[in-house]
Amino acid sequence: IRLKTATTKVSLPSQEHSNDSGLDADQSGLSGVYQRTSKDTTTSDLASTCNSLSLSIGRGRANLLHSIKTENNPSSLTTLEGSAFQDQNKICTHAKNTSLTGDNTESNNLTILENGFFYPNTIYGTKGTPVNISCNYIGISSDPKKGVYLYEVRFNPSVDSIHLRMKYLNEHSKQFGGVKTFDGTTLYLPILLERELTTFISKSRCNEEIEIRILFKKKESLKNCIQLYNVLFDRIMKTLNYVKFDRKQFDPSRPKVIPTAKLEVWPGYVTAVDEYDGGLMLCCDVSHRLLCQKAVLDILLEIYQQNKMSYQDKAKKYLIGSVIITRYNNRTYRIDDICFSQNPHSEFETRTGSYSYIDYFKNHHNIEIKDGKQPLLISLKQSRKSDTLNQENIQFSLIPELCYLTGLHDEIRADKKLMREVSTLTNVTPNKRIQALDKYFKNVSENNDARKILENWGLSLHKNYHNIVGRKIDSVQIYFAKQCISAGQNAEFSKEVVRNEMLEVVNLNNWVLIHHKNDLRAAKSFLHNMQNCSDVFGMKIRKPNVISLEHDRLDTYVDALR
C-alpha cells in the first residue's frame, strides 16, 4: 500500500502485487514529499494517515484500514512487522459495535480478512417486534463422500451426432456407476474414477471401432453445480408425472374445475436451487396454470360461425402465438401457423413408409379422429444440433381436435366475474402455501425414483422452513406541514397525500407554457387544474409566460423553446 501525505509514506516490499486495495481516497488537498518511516512508527503513522482519508469500504485491506481508523483502543490493533502484514493468510480484528438506523444492534462477530477477502459481520436490528415466520426454502444436504466430478469425453474417430455420442457412452455406463449427466462433450459423475484417463471401445454400424476417452478435469465446487442440481430437480418432477410449462411444473391429476366457463386450473410449483448463507437450498413456490376444456377445434367452429368470409384470417389472429397442450402425451406446443390446405387424411413420410394422420393416431395412440376435414396446427421447434450455424426447425403438425388452449385470453380477462372466480383458486394464503410445501416434500421423500435421483448424487432434503425468526416493523409516521398520520399496517396513505399541505414546499415561480392557438381552451383548463391541485399542497404557482404558436410543426416548437 502506498499512501501519499504531507509527512508520511508507507510502502510494502517490491514483491507485493500492486492490486487495487479498495481505497477511494480524496487526495486533492494533499501535497508534500515522500518519506520512509521507521519500523516502530509504522503502525501509529498508518492509523493517523487513515484518519485523514475518505475510505470506500469494499473488501480486503480497505476494511483493515477502516478498522484501524475507527478503533478507539490502540492496543487492540494487529501488529505490523515493518511495512508488511505479519500473517496475510488470516487476520482477525474485533469489530466495534455499530448501530443500525439509530438503534442498538447486536454485532459481536469477528471481521475476518482471509486471503484478501472480507467477510462482513452479521447485524441484527432491534426495531419492531420479533415474530416466528416460515419461508419457501427447503434445505439440501450433501454427502461429503460424494461430489460432482467433471470429465471431458472425446471420440476417436470423431462422432458429430450427439445422439450417437450418447448411445456409444451408454453402452459402458455400468462400468462407471450408471449415474451420469452428459451433454455430448462434458460428463458429470458423482464418483471419481480410478484412473485419470479411462478408455472404452464401441462398435459403429459399419463394425468400425470407436475409442471413447474420458479424461478427469476437476471436482466441481458447489457454486458451479447449481445448474446440474436444477436439472436433477427437473428430472424429479418428471418422475412425479408433472407437466412442464417453461420453468414451471404442474400436476394434471389434481385439476380445479370451473364448470360454468369450461376451464380448469392445474396446481404446480416453480423450483430453483441456489447457494445461500444457510447453505444449498431449494426455493419452491406455488404456481397455477389455466387450461381450457374446449378443444381448439370447437374454437375454430365458433370463429367460422361468427364470420365465414374472413374465417381463416380471424382464426390465425386468435390462435397464432398461443400455447396448447396435447392430452395424449401432456406436451406443450406453441402455434406458429395454421395449415388449411391439409387435413387428418393427408399423409406424411416416416422411416417405415407413408401414414395418414388418422392411421397414425389410431395405431400409436389408439385415438380415433372424428372430424376428417379440420385444418392442421403447425408448431416449429429448433433441432438440437451441435452445429448452430446449420440448425433447422422441426415441424410438428397437430390435430385441433386433440389440442387444448392454455393461459388467459382476452375474453377471459374482460370477464371480471370469471377473473374473480379464477383468483379465488389461484390466490393462496400463507397457510396453504406451507401445506403445498409439505406436500411437495412428502411427494419427493416417499417416491422411490425421486429419492433415488437425489441419493445417487449424494443429496437429501430436510425440513427446515418452519423455524425462522423475523421482525415485524411498527407502522410508520407520515409528517405533513400541519399534522402527522400513521401509515397503518398496510403502509397506505395515498388519500392523505392529496389532502394535506406538504412539509417542504417548492413553489413554481418561473415557467413557460407553449401551446398551439387552437388549444387555447385546453391550456386554460390545464392552468386552472394546476392551481386547484397546488393550493391543497400549499404550493404557489405564478402565472406562466404563455406562448401561442401559429403552426403545429416541430420546428415551430423548437424555435419557441429556444
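Residues numbered from 1 in each chain as written. Predicted model: local features only at pLDDT ≥ 70, side-chain atom pairs only at ≥ 80, totals over all residues. Heavy atoms only, no water.

Asker: Mind showing me how you'd approach the overall build of the chain here?
Answerer: If you tally the helices and strands in the chain, you get 14 helices and 33 strands. Classification of the 562 residues of the chain by burial places 33% in the buried group. The long-range fraction of contacts in the chain, counting pairs at least 24 apart against all pairs at least 6 apart in sequence, stands at 62%. Accessible surface, the chain as shown: approximately 36,400 Å² in total, 47% of it carbon and sulfur. (Helix = DSSP H or I, 4+ residues; strand = E, 2+ residues; numbered from the N terminus. Buried < 20%, exposed > 50% of the residue type's maximum accessible area, 1.4 Å probe, protein only. Contact = heavy atoms within 4.5 Å. Areas by Shrake-Rupley, 256 points an atom, 1.4 Å probe, with all protein chains shown as cover.)

Asker: Would you take a moment to explain the sheet that holds strand 26 (residues 393-398) for this structure?
Answerer: Strand pairing in a sheet relies on backbone hydrogen bonds, with the paired strands running either antiparallel or parallel. Strands sit in the order 22-25-26 across an open sheet of 3 strands; the sheet is antiparallel. Among the strands making up the open sheet, the edge pair consists of strand 22 (337-339) and strand 26. Strand-to-strand twist of the sheet, defined as the mean angle between neighbouring strand axes without regard to direction, takes the value 35°. Both strand 25 (residues 376-382) and strand 26 contribute to a ladder of 6 bridges, which runs antiparallel. Paired with glutamine 382 across the bridge in strand 26 is asparagine 393. (Pairing = 2+ DSSP bridges. Axes fitted to C-alpha atoms, helices over the stretch in contact; angles between N-to-C directions.)

Asker: Explain the sheet that holds strand 12 (residues 186-189) here, please?
Answerer: The strand order across the open sheet built from 5 strands is 11-12-10-14-13, with neighbouring strands paired in antiparallel fashion. The open sheet terminates on both sides in strands that have one partner only, identified here as strand 11 (181-182) and strand 13 (197-203). Summarising the sheet, strand 10 (residues 149-156) and strand 12 pair through 4 bridges and their orientation is antiparallel. Residue pairing for strand 12: glutamate 152 is matched across the bridge by threonine 186. Of the strands in this sheet, strand 10, strand 11, strand 12, strand 13 and strand 14 (209-219) touch helix 3 (residues 162-170), which is tilted by about 85° from strand 14.

Asker: Looking at this structure, how should I read the pairing of strand 20 (residues 323-326)?
Answerer: In this structure, strand 20 lies alongside strand 21 (residues 331-334), joined through 4 bridges in antiparallel fashion. Residue pairing across strands places isoleucine 325 opposite threonine 332, the latter belonging to strand 21. Following strand 20, the chain reverses through 4 residues before pairing antiparallel with strand 21; asparagine 330 in that reversal takes a positive phi of roughly 55°. As paired strands, strand 20 and strand 27 (residues 403-406) are joined by 3 bridges and run antiparallel to one another.

Asker: Looking at this structure, how should I read unusual backbone geometry?
Answerer: Peptide bonds are mostly trans, and most non-glycine residues show a negative phi. The residue after asparagine 156, namely proline 157, is reached through a cis peptide bond having omega 0°. Within the secondary structure, proline 157 is located in the loop between strand 10 and helix 3. In this structure, asparagine 241 is a non-glycine residue whose phi angle is positive, near 65°. With respect to the helices and strands, the residue asparagine 241 is situated in the loop between helix 4 (226-239) and strand 15 (243-245). Of note, the phi angle at asparagine 366 is positive, near 55°, even though the residue is not glycine. Here asparagine 366 shows up in the loop between helix 7 (357-364) and strand 25. With relative accessibility at 62%, the residue asparagine 366 sits in the exposed group.

Asker: What exactly am I supposed to notice about the pattern of salt bridges here?
Answerer: Opposite charge on two side chains makes pairing possible when the charged atoms of those side chains draw close. Per the stated rule, a full pass over the model turns up 18 salt bridges. Arginine 154 serves as the salt-bridge partner of glutamate 152, at 2.8 Å between the closest nitrogen and oxygen. Close ionic contact of lysine 463 with aspartate 438 constitutes a salt bridge, the shortest N to O distance being 3.7 Å. One end of the pair, lysine 463, is in the loop between strand 28 (459-462) and strand 29 (468-472); the other, aspartate 438, is in helix 10 (residues 430-446), and 25 residues separate them in sequence. Owing to a relative accessible area of 48%, lysine 463 belongs among the partly exposed residues under this scheme. (Salt bridge = Lys/Arg side-chain N within 4 Å of Asp/Glu carboxyl O.)

Asker: Explanation requested: the packing of helix 4 against helix 11 (residues 448-456) in the structure shown.
Answerer: Helices that pack against each other are described as a pair by the angle of their axes relative to one another and the distance between those axes. Closest axis-to-axis distance for the helix 4/helix 11 pair is 8 Å, and the angle between their directions is 165°. By the angle between their directions, the pair helix 4 and helix 11 is classed as roughly antiparallel. Between helix 4 and helix 11 lies a crossing of right-handed hand. Along its contact with helix 4, which presents Leu232, Phe233, Arg235, Ile236 and Thr239, the element helix 11 presents Asp449, Ala450, Ile453 and Leu454. (Parallel < 35°, antiparallel > 145°, perpendicular 65-115°, else oblique. Left-handed = near helix turned anticlockwise from the far one by under 90°.)

Asker: Could you clarify how one ought to interpret the packing of aromatic side chains in this entry?
Answerer: Aromatic rings considered in pairs are described by the distance between their centres and by the relative angle of their planes. One pass over the full model with this rule turns up 15 aromatic pairs. Their ring planes at 80° and their centres at 5.2 Å tell us that tyrosine 137 and tyrosine 276 sit as a pair that is edge-to-face. Note that tyrosine 137 is positioned in strand 9 (residues 137-142) and tyrosine 276 in strand 18 (residues 263-276), a separation of 139 residues in sequence. Ring geometry for phenylalanine 176 and phenylalanine 200: centres 6.2 Å apart, planes at 55°, overall tilted. Residue phenylalanine 176 is found in the loop between helix 3 and strand 11, and its partner phenylalanine 200 is found in strand 13; the two are separated by 24 residues along the sequence. By the burial criterion, phenylalanine 176 is buried, and phenylalanine 200 matches it. An aromatic cluster is present here, built from Tyr328, Phe348, Tyr357, Tyr360 and Phe361 joined pairwise through their rings. (Phe/Tyr/Trp six-rings, centres within 6.5 Å; stacked < 30°, edge-to-face > 60°.)

Asker: Before we go on, may I ask you to explain the nonpolar core in this structure?
Answerer: Buried together is how nonpolar side chains tend to be arranged in soluble globular proteins. The biggest cluster of nonpolar side chains holds 32 residues, and the ones touching the most others in it are Phe233 and Tyr440. Only strand 9, helix 4, strand 18, strand 19 (279-295), helix 10, helix 11 and strand 28 provide two or more residues apiece to this core. Element by element, the count of residues in this core is highest for helix 4, at 7 residues. Sequence-distant contacts of phenylalanine 233, defined by excluding residues within four places in its chain, comprise Ile140, Val273, Leu282, Tyr440, Leu454 and Leu461. Residues Leu300, Ile303, Ile338 and Cys403 belong to the second largest nonpolar core, which totals 23 residues. (Core = buried A, V, L, I, M, F, W, Y, C linked by side-chain atoms within 4.5 Å.)

Asker: Explanation requested: helix 11 in the structure shown.
Answerer: Along an α-helix, residues three or four positions apart point the same way, because every turn accommodates 3.6 residues. Looking at helix 11, one finds that the buried residues are Ala450, Ile453 and Leu454. For helix 11, the buried positions fall inside an angular range of 95° around the axis, keeping them on one side. Looking at helix 11, the residues exposed on the side facing more than 90 degrees away from the buried face are Asn448 and Lys452. Buried positions along helix 11 lie against helix 4, helix 10 and strand 28. A side-chain oxygen of the first residue of helix 11 lies 3.1 Å from the backbone nitrogen of aspartate 449; this N-cap is asparagine 447. Remark: glycine 458 follows helix 11 within two positions and exhibits a positive phi of approximately 70°. (Arc of directions from axis to C-beta. Polar contact = N/O pair within 3.5 Å; in protein donor to acceptor, adjacent residues only side chain to side chain.)

Asker: Sorry, what's going on with helix 6 (residues 311-319) here?
Answerer: Those residues of helix 6 lying buried are Tyr311, Ala315 and Leu319. All buried residues of helix 6 project into a common sector of 40° when viewed along the axis, lining one side. Seen from the open side of helix 6, the exposed residues pointing more than 90 degrees away from its buried face are Asp313 and Lys317. Its buried side turned inward, helix 6 meets helix 5 (296-306), strand 22 and strand 27. Positive backbone phi, approximately 100°, marks glycine 321, located one or two places after helix 6.

Spatial relationships are all this shows, so hold off on functional conclusions.
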